[in-house]
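Examining the three-dimensional arrangement
Here are the chains, one letter per residue:
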Amino acid sequence: MELNSHAPTGPIEQAWDKHKFELKLVNPANKRKYNIIVVGCGLAGGAAAASLGELGYNVQCFCYQDSPRRAHSIAAQGGINAAKNYHNDGDSIFRLFYDTVKGGDFRSREANVYRLAQVSVNIIDQCVAQGVPFAREYGGLLDNRSFGGAQVSRTFYARGQTGQQLLLGAYQALERQIGLGTVTMNERTEMLDLIVVDGQARGIVTRDLCDGKIEVHIADAVILATGGYGNVFYLSTNAKGCNATAIWRAYKRGALFANPCFTQIHPTCIPVAGEYQSKLTLMSESLRNDGRIWVPKKPGDKRPPASIPEDERDYYLERRYPSFGNLVPRDIASRAAKAECDAGHGVGETGLGVYLDFSEAMKRLGQQKIAERYGNLFEMYERITGENPYEVPMRIYPAIHYTMGGLWVDYNLMSTIPGLFVLGEANFSDHGANRLGASALMQGLADGYFIIPYTIGNYLATAKPGKVAADAPAVKEAVANAAAITKKLLNGSGTRTVDSFHRELGKIVWDYCGMARNEAGLKKALTLIPALREEFWKNVKVLGTNEEFNQSLEKAGRVADFFELAELMCRDALERNESCGGHFREEFQTPEGEALRDDDHYSYVSAWEYQAEGAAPALNKEPLTFEYVHPSQRSYK
Amino acid sequence: MKLTLHVWRQKNAGARGGLVRYEVPNANEHMSFLEMLDVLNEALIEKGEDPIAFDHDCREGICGMCGFMINGKAHGGFKGTTVCQLHMRHFKDGDVIYLEPWRAKAFPVVKDLVVDRGSFDRIIAAGGFITAPTGGAQDANTIAVPKQAADLAMDAAACIGCGACVAACPNAAAALFVGAKISHLGHLPQGQAERDRRALAMVRQMNVEGFANCTNIGECEAVCPKQIPLEVIARTNGDYLKAAVGAGPEGAAGGTG
């Protein structure tokens, strides 16, 4: 398949403006004649649904939660980047663009990233106008903090709840449209299939999670903004309900899946405590601004942290990366923590943890200032662990947090299925092989508020989708497919719960396709996963019926898709014989243990194309070229 | 530790519900309350019994999806804690624990401990926003917001919409939820233009949904996992009164709750 990114040519600074002008418009009176489906209502989906409703389109929005205010964007703590340069510290659109391309280890599309940096400034304006209570200085102006992977302070924040406040801003804008009747909200509804008619995305099949009703929704365009697939690992910082079903079933209808192996491990999460653990909790990366990360120099040192004298501590990030210190990007901080623990320096009962210590910052700034900056995070840590981080250093360990991979989209955020658009974490577009902190919120809102409203109009105005009959063969086939999957899941007389399968799958993916990967491990995973999947379909135990509120059935459908996606992740990781960003292949590293990229052979986006059940997917490549930021070995030393 | 649970089981909105007794022989102090229920549910599924339905999502205390009554207290009644963040170290071996859904006319039961909180969304849709069309905003630093105002707005904006305030209130009033949004937006300069309209519309919708009136008991503040203060209700009352006086017949749609 020929992958055309439709990225504009010419000077990058003018590309988006030029492109916007070239995009066709839909007459205001005609907008209400178009129906648009938005699946997911986090920052990307919520912002898109609200903005498109406001433009006058008929919008149908869907989420699996009980309210559009719950999407997992809400859990983002640290902040949102914008190239405002309010602090006169040398920031600019170009610098944010540069940092993001470099941070992504030169595996993203330059034109997309530049546009993201450009609209970042509008996002802050928009959110302030909506009443997002960003942190302020005494003069009443906006405050900023610094974040990993950048040497300027460009991160806007609302205490430790930035994601919550941005999401509530989008949610309120969305509710306003719901009140005005331009958007219809369908809560507790899950997308089970995509309807493709004559090659165009024309609707979705959903299941009502309360009564199991399977319904068909026809539209002129479909937007997926359903987030990432981190829950493939079972233990992740994602919400329990986060799933890949919408994007996976779109993949099986012909949308290409890009860079599935690019997953991000976040360095600062609360370590795992036991087998029953259901999820991992992130401690914001912003803590690395004031916290110092260390381990005991002596392996297996079991003394309490306070009894380990200063000269027996190894502040390994400050030692290895003197210019960025504790603020190195996430992939580097995560791998460094793993290396220390693998070498026996880990702390805590399991030995899988490192200290994040605020004692020095408290001496310098006072406990009050630290409480002001991170109070809610410290409380959360204490609630979970029972330890007071004002007195004892936090223990942290990396955990899966974000997935850079996702459905392939062009510059217009359209997938390889015309009329199917993909926004936010669900697409692959802007973060390359590693996402910088405070950039996910930026991308979600950029896609939803400032990009899709332009590009979807162009699609509708040029494609002019016609009518689709409710009983068209493609519609019937999609309904039958959704019903068949449910029936198969309920039919079994199995003995194992869905969670037990999911936990086992997660462990395989974490062990062989997690923080470090190698050929032998990936090949092993590629035999273990299909075997476990086979057992799943034979032996999974799902009680009850389709026609009721059935949480086990919901989970089973999602886990079934995770099995297939996990296999694609391993396949992609095996194919990419280099290390870049979050994808660390042990065979490809520098003598100092840093990621060794191979630009000559792997400077491309891997876009996988579904073939058929049981058949290997086809690999398509979108070559990446860098005109403005020249690939170099990422150095944070 | 060994626990005995009495859990409200109700097949669907129309069915009759009742308490069912379960033994949990293997709870651990490091588990969260929901993880303890996960363990019980796994055992129930293995025995072929319908697992207990409960809402949850982020399990970090921020999405607002989880929540039920534990021994008659919303989220268990531990300061600033949602049930997903409540850990079993607060319980001891041999404890008997009663679990029931939020009880309020405006929150009908969906199944077991799951309720429908759509009424909260409709209150926000009625007026809990600032009208700010996408794309037309001026530079963010053009509006100076005094730090204190921003902090007070943030205190109120921390509401997660879980419904504990309603469940704890003997009247099943939504005054704390409504007050939180009115205070969040009302403390900011951007929220002034629609302040009257917002108070009238949100209060009207609150009454339409069947939430009863506030009688200043304060149970809501005591159980709020985000510790939203009672003052936000006073703010609703003030805004509503001022708006109702100036608004003519539109304002005469019932009390502030």
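1. Some remarks on the overall build of chain B
Within chain B, the regular secondary structure consists of 8 helices and 7 strands. Its C-alpha atoms give chain B principal-axis dimensions of roughly 60 × 40 × 35 Å. In chain B, which comprises 257 residues, the proportion classed as buried is 54%. Sequence separation of 24 or more characterises 72% of the internal contacts of chain B that already satisfy a separation of 6 or more.

2. What to know about the domain arrangement of chain B
All names here are of chain B. Split by domain assignment, chain B resolves into domain 1 (3-111) and domain 2 (118-251). Between domain 1 and domain 2, the residue contacts involve 19 residues of the former and 16 residues of the latter. Residue classes in the side of domain 1 that touches domain 2 are distributed as 8 nonpolar, 8 polar and 3 charged.

3. Topic: the nonpolar core
Among the nonpolar cores identified, the biggest contains 297 residues, and Ile-36, Ile-223, Leu-224, Leu-407 and Leu-420 of chain A together with Val-166 of chain B are the most heavily contacted of them. With sequence-adjacent residues up to four places away left out, Leu-224 of chain A is seen in contact with Val-39, Gly-40, Ala-246, Ile-247, Ala-250, Leu-420, Val-422 and Ala-426 of chain A.

4. Here's the deal with the interface of chain A and chain B
Contacts between the two partners involve 67 residues from chain A, matched on the other side by 70 residues from chain B. Of all the secondary structure elements, the ones that give two or more residues to the side of chain A that touches chain B are helix 3 (43-55), helix 5 (110-130), helix 6 (162-180), helix 11 (367-385), helix 12 (440-463) and helix 16 (551-575) of chain A. Considering each element in turn, the side of chain A that touches chain B owes the most residues, 9 residues, to helix 6 of chain A. Looking at side-chain class alone, the side of chain A that touches chain B contains 25 nonpolar, 24 polar and 18 charged residues.

5. Focus: the sheet that holds strand 2 (residues 18-24) of chain B
All names here are of chain B. Judged by pairing direction, the sheet is mixed, and its 5 strands sit side by side in the order 2-1-5-3-4 without closing on themselves. Two strands lie at the open edges of the sheet, namely strand 2 and strand 4 (73-74), each paired on one side alone. Where strand 1 (residues 3-9) meets strand 5 (residues 96-100), 4 bridges bridge the pair, whose relative direction is parallel. Each bridged residue has a counterpart across the sheet, and for Thr-4 the counterpart in strand 5 is Val-96.

6. Let's talk about the sheet that holds strand 11 (residues 263-269) of chain A
Residue and element names in this part refer to chain A. Ordered by their spatial adjacency, 5 strands build an open sheet running 11-15-14-12-13, and the pairing between neighbours is antiparallel. The open sheet has two edge strands, strand 11 and strand 13 (313-314), and neither has a second partner. Bridge count between strand 14 (residues 354-357) and strand 15 (residues 394-403): 3 bridges; the pairing is antiparallel. Looking at the pairing, Val-354 lines up with Ile-396 of strand 15.

Reading the values: the criteria
Residues numbered from 1 in each chain as written. Chains lettered and ligands numbered in written order. Predicted model: local features only at pLDDT ≥ 70, side-chain atom pairs only at ≥ 80, totals over all residues. Helix = DSSP H or I, 4+ residues; strand = E, 2+ residues; numbered from the N terminus. Buried ≥ 20, exposed ≤ 12 C-beta atoms within 10 Å, placed from the backbone. Contact = placed C-beta atoms within 7 Å. Domains from an automatic or database assignment. Nonpolar A, V, L, I, M, F, W, Y, C, P; charged D, E, K, R; others polar. Core = buried A, V, L, I, M, F, W, Y, C linked by C-beta atoms within 7 Å. Pairing = 2+ DSSP bridges.

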